[in-house]
Every structure is written in structure tokens, then in C-alpha cells.
Amino acid sequence: MNIHEYQAKELFKEFGIPVPSGVLVESVDEARRVVAESPLFKGETKPAVWAVKAQIHAGGRGKAGGVKLARKPEEVPDLVGQILGKTLVTHQTGPEGKKVLKVWIEEGSNIVREFYLGVVIDRTTRRMTLIASTEGGMEIEEVAQSHPEKIFHYPVDPLEGYSPYIGRRISQFLGLPFTAQSQMVNIVRDLVDFFQKRDASMVEINPLVLTKEDRLVALDAKVGFDDNAVGRHPEIRSLRDLTEENELEIEASKYNLNYVKLDGNIACMVNGAGLAMATMDVIALAGGSPANFLDVGGGASKETVEQAFRIILGDPHVKGIFVNIFGGIVRCERIAGGIIAAAQDVKISVPLVVRLQGTNAKEGREMLKSSGLAIQVAEELFEGAEKIVLAVKGGK
Ligand code: GDP
Ligand code: MN
């Protein structure tokens, strides 16, 4: 589960990680009110610059015009107006882009240097790994390609946990001035603490900046949480923003279907995540391209199958469906019955290939064949994949 920058900054603040103070607005009127009333625009200590930032679940906003600086308070509502409602297209949004519904206004910083600081789970070492780089503000994947020597990795030993020397090593690698080193030690400590206590799966501060005043500040904040752990953090779960998620994926989660939309045109419906992965591979091997990942789970009923068909067909790119079920706990004739019943209720206007194997597979296949529905039946996995690819390519 991902959250917005402003939400991540609020969580950072709770853990003592320095962030600029700011206010969230959802309209130009609200921005005007904030400029007139908020302490962010008042008093002797008010900033000289304000940053106006689009809130979407994607990076690369700066280059796409989603981050603007105001030199005077009266410029702020105009900038909010320019960003709100706009569809930002960045390398992380896909070509359709993301519409901006919220804007974060914050105290601007006098940037001297920009760094990268992040934490991820490295599946190879099975450890939480700190990543730091002198090339802040740039995409870390690009830096990893062109200048791997500018990236520092540190896998944190789970038994040892965080120790101040890790923060000092990072400070040295980044060449921080003496005054900023102790700040870095605290930031790294607090970031590790946050990552562990809140079950994050990824945290990225890009950039972490050194200001003219010699302060380190998290200017951007990107946080992802482990979906399997969100259940024990109601305060994190409440930060979920459904407008940022794929509608079909939201719909699928209501029925406990594990659905991930992909770019291809052959939809698949499979029981079991491993079999679903293998099915996608085999579709690709047969020359097709999967439209989704879908695991209907162990006890697929008529209702589940029907919902799964509805979700799959909600994607306008789908030109064919491949159902691949292994009858282990669930018996194939029950699945076949579910498919027949569902196919009568949901209008399936694209070719459908069903492969059944396992308990009572033969009975299941017979039921499909004699149903009078336009269903192609397969016994083997590759045979099924070939049939659906052929049907889609031949337009049958
Ligand atoms: P992203 O493009 O989505 O990663 O958005 P960021 O929050 O990282 O902002 C992009 C860039 O805008 C940063 O790398 C900074 O260079 C710049 N920026 C953001 N906030 C400020 C600010 O307060 N002052 C100045 N001078 N630049 C800023
Ligand atoms: Mn950034």
C-alpha cells in the first residue's frame, strides 16, 4: 500500500525525521484562506519561498510541472490553480497520467546539496537495506546504471539492529560537513525505527537536502507498506487513497480476489498464485500477452468465478480469456458448473478457453463440452495457451 508525500511527511514528523511544515489544500479557495490565515505565511520567521506540490502516488512530479516555487504569498493560490485538476504524466504514472486532486503547500528550503536516502527489503540478503547517494533529486535507478559507485548500500543485521556507526558511515560517504553528521546519525536511526515499527516495505527520501542553514531536511517522502502487515496498523490503513488505485483492483479486493492489471489482451483466471504466474509465462511463450494476474483462491465458487469474469471483462483491452484450474481441494466439476452458470449470467463476448486438471477433471470437461456454450476445452497447459493465443490472433 502506498501513501501520499504529505502523509509520509506527517509520519516522519512523528518519528523525529525533519520535514518542512506545510498545509494540504483541495481547492484554490482553500489555498487563499491558507495564505490569509496560516502561520506558514505570517510573522517574522515566515519563509522567503514556498513550494507548491501536486500529491499523486508517483514520482517525477518535478519534471512534469507538478512542483512549483512561489516567491510571494499571493502567487501561491495561482500556482495551486495551475496544478489542481491537471493530469500529470510522469515515468511512473503510465501514459494515461494521474489527475491531481490534492496540493501540498510547504515552507521552501534553501538547497545547498541534494542527497538520496532510502530503505528497502533486499530479498537476496533478506535484510532491510539502507541506500544512500550523493546524486539526490535524480532517479536512483538511473544512478545505479550510470554511476553505481555513487550509491552506498548497507544491509542492516536484524539481530544487531541500528548502530550509530551506520549513520556515520553514510555521512562520510556523502561527504557531509561536521555539523550535519550528527543530524544524519539521528535521521538514519529514526528512519530505521519508522521502517520497522510501521512495517514499511520501502522508504525513499529523494532528495534529502542540506540547507544554507546547515540543516538536513527530507524534502520529498515516498513510503510503501507491506500489504500483509497493514491489518495491524489501523492508523496506516486509514491513509489509503482509493482514487490513486486501479478501479478493477479495488473491486477485486472486495471479493478477496488477487487481481493485478497488466498491459496485454489475454485475461487469465487461475487458482493459486504459483499456477497463475506459470500461466502468464506460458501465455507469453505461446506468443500472447497476459492482461492480468488473477488468483481466484482455493475454494472458487460460482459467485467467485462470476465476479472474476466481471472484473476481467471490465478491462476493455481483453480479447480472450484463459481459465486454468487445478482441482485439488476444489473439484473440477464444481468449477465447470460455476463457469457454466457464470457464463450464462455474464455476457462473455470474447473467446474462452478452459483447461481443467485434477480431481474429476474429465467430468468437468464433459460438462463444458455439452453446455452448448462457446467454450474451447483443453487438457494440457500449453495446449490451452496455444488455443487462446490462436483464437485471439485469428479473431475467432
Ligand atoms: P518528484 O519530482 O516527484 O520527486 O518531487 P520532489 O518533491 O522530489 O521535487 C522535485 C524537485 O523540486 C526537488 O529535487 C528539488 O530540486 C525541487 N524542490 C522541491 N522543493 C523545493 C524547495 O523547497 N526549494 C527548492 N529550491 N527546490 C525545491
Ligand atoms: Mn523526489
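On a predicted model such as this, the values are computed, not experimentally measured, just so you know. (Residues numbered from 1 in each chain as written. Chains lettered and ligands numbered in written order. Predicted model: local features only at pLDDT ≥ 70, side-chain atom pairs only at ≥ 80, totals over all residues. Heavy atoms only, no water.)

Time to look at the overall build of the protein. Counting its secondary structure elements, the protein contains 13 helices and 18 strands. Along the longest, intermediate and shortest principal axes, the C-alpha atoms of the protein span 80 × 50 × 40 Å. Taken over 396 residues, the protein has a buried fraction of 50%. Long-range contacts, defined as pairs at least 24 residues apart, comprise 67% of the intrachain contacts of the protein with a sequence gap of at least 6. With the model as given, the accessible surface of the protein reaches about 19200 Å², and the carbon-plus-sulfur share is 50%. Within the protein, the 53 negative side-chain charges are centred at a point lying 1 Å from the centre of the 47 positive side-chain charges. (Helix = DSSP H or I, 4+ residues; strand = E, 2+ residues; numbered from the N terminus. Buried < 20%, exposed > 50% of the residue type's maximum accessible area, 1.4 Å probe, protein only. Contact = heavy atoms within 4.5 Å. Areas by Shrake-Rupley, 256 points an atom, 1.4 Å probe, with all protein chains shown as cover. Lys, Arg positive; Asp, Glu negative; His and termini not counted. Charge placed at Lys NZ, Arg CZ, Asp CG, Glu CD.)

Quick look at the nonpolar core now. Formed by 44 residues in total, the largest nonpolar core has its most connected members in F12, L117, L130, I170, M184 and F225. The element best represented in this core is helix α6 (residues 178-197), accounting for nine residues. Beyond its immediate chain neighbours, meaning those up to four positions away, L117 contacts I131, A132, I170, M184, I187, V188, L191, V203, E204, I205 and L208. (Core = buried A, V, L, I, M, F, W, Y, C linked by side-chain atoms within 4.5 Å.)

What follows deals with the coordination of the manganese ion (ligand 2). Here the manganese ion (ligand 2) is held by the protein donor atoms N206 (O) and D220 (OD), which lie 2.1 to 2.2 Å from it. Taken together, the residues N206 in strand β10 (residues 200-211) and D220 in the loop between β11 (216-218) and β12 (222-225) connect sequence positions 14 residues apart. Assigned by exposure class, N206 and D220 land together as buried. (Donors = N, O, S within 2.8 Å, 3.2 Å for Na, K, Ca; no water.)

Once that is clear, we can look at unusual backbone geometry. Going from N206 to P207, the amide bond is cis rather than trans, its omega being 10 degrees. On the secondary structure map, P207 appears in strand β10. If you check the backbone angles, D214 has positive phi at about 65 degrees while not being a glycine. With respect to the helices and strands, D214 occurs in the loop between β10 and β11. For D214, a relative accessible area of 31% gives the class partly exposed. Phi at N360 is positive, roughly 55 degrees, even though this residue is not glycine.

By domain assignment, the protein separates into domain 1 (1-19 + 110-245), domain 2 (21-108) and domain 3 (246-392). The straight-line distance from the C-alpha centre of domain 2 to that of domain 3 is 44 Å. (Domains from an automatic or database assignment.)

Another point: the sheet that holds strand β2 (residues 50-54). The sheet built from four strands is open, its strands ordered β1-β6-β2-β3 with antiparallel pairing. What marks the edges here is a single partner per strand, and that holds for β1 (22-25) and β3 (67-70). Each adjacent strand pair in this sheet contributes to an overall mean axis angle of 20 degrees, direction not counted. By the bridge criterion, four bridges tie β1 to strand β6 (residues 103-107) in an arrangement that is antiparallel. When the sheet's bridge partners are listed, L24 is paired in β6 with W104. Seen against the sheet, helix α1 (residues 5-14) touches β1, β2 and β6 and runs at an angle of roughly 45 degrees to β6. (Pairing = 2+ DSSP bridges. Axes fitted to C-alpha atoms, helices over the stretch in contact; angles between N-to-C directions.)

We now examine the site of ligand 1. Taken together, 17 residues surround ligand 1, and among them K53, R61, G62, S109 and E114 come closest. Between ligand 1 and G60, the relevant distance is 3.2 Å, taken from an oxygen atom to a main-chain nitrogen or oxygen of the residue. With respect to ligand 1, the side chain of R61 contributes an N or O atom lying 2.7 Å from an oxygen atom. Contact with the protein chains covers 79% of the free accessible surface of ligand 1, which is 570 Å². Among the elements of the structure, β2, β3, β7 (111-122) and β10 are those that each provide at least two residues to the shell around ligand 1. Per-domain counts for the shell around ligand 1 show at least three residues from each of domain 1 (1-19 + 110-245) and domain 2 (21-108). (Near = heavy atom within 4 Å. Polar contact = N/O pair within 3.5 Å; in protein donor to acceptor, adjacent residues only side chain to side chain.)

Inspection of the entire model under this criterion finds seven aromatic pairs. Each ring, one from F12 and one from F194, has its centre 5.7 Å from the other, and the planes form 85 degrees; the classification is edge-to-face. Of this pair, F12 sits in helix α1 while F194 sits in helix α6, and the two are 182 residues apart along the sequence. Judged by its relative accessible area of 0%, F12 falls in the buried class. Using a relative accessible area of 0% as the deciding quantity, one classes F194 as buried. For the pair F194 and F225, a centre-to-centre distance of 6.4 Å together with 75 degrees between the ring planes defines the contact as edge-to-face. A residue pair is termed long-range when its members are at least 10 positions apart, and F194 in helix α6 and F225 in strand β12 qualify at 31 residues. F225 sits in the buried class, given a relative accessible area of 4%. Every member of this aromatic cluster is reached through a ring pair, and the members are F12, F15, F194 and F225. (Phe/Tyr/Trp six-rings, centres within 6.5 Å; stacked < 30°, edge-to-face > 60°.)

Moving on, we come to the pairing of β7. Examined bridge by bridge, β7 and β10 share eight bridges and lie antiparallel to one another. Within β10, the position partnered with I111 by the bridge is T211. Here β7 pairs with strand β8 (residues 127-133) via seven bridges, running antiparallel. Its bridge partner being in β8, I121 is matched across the sheet by M128. The antiparallel pairing of β7 with β8 creates a hairpin that spans four residues between the two strands, and R126 there sits at a positive phi of about 55 degrees.

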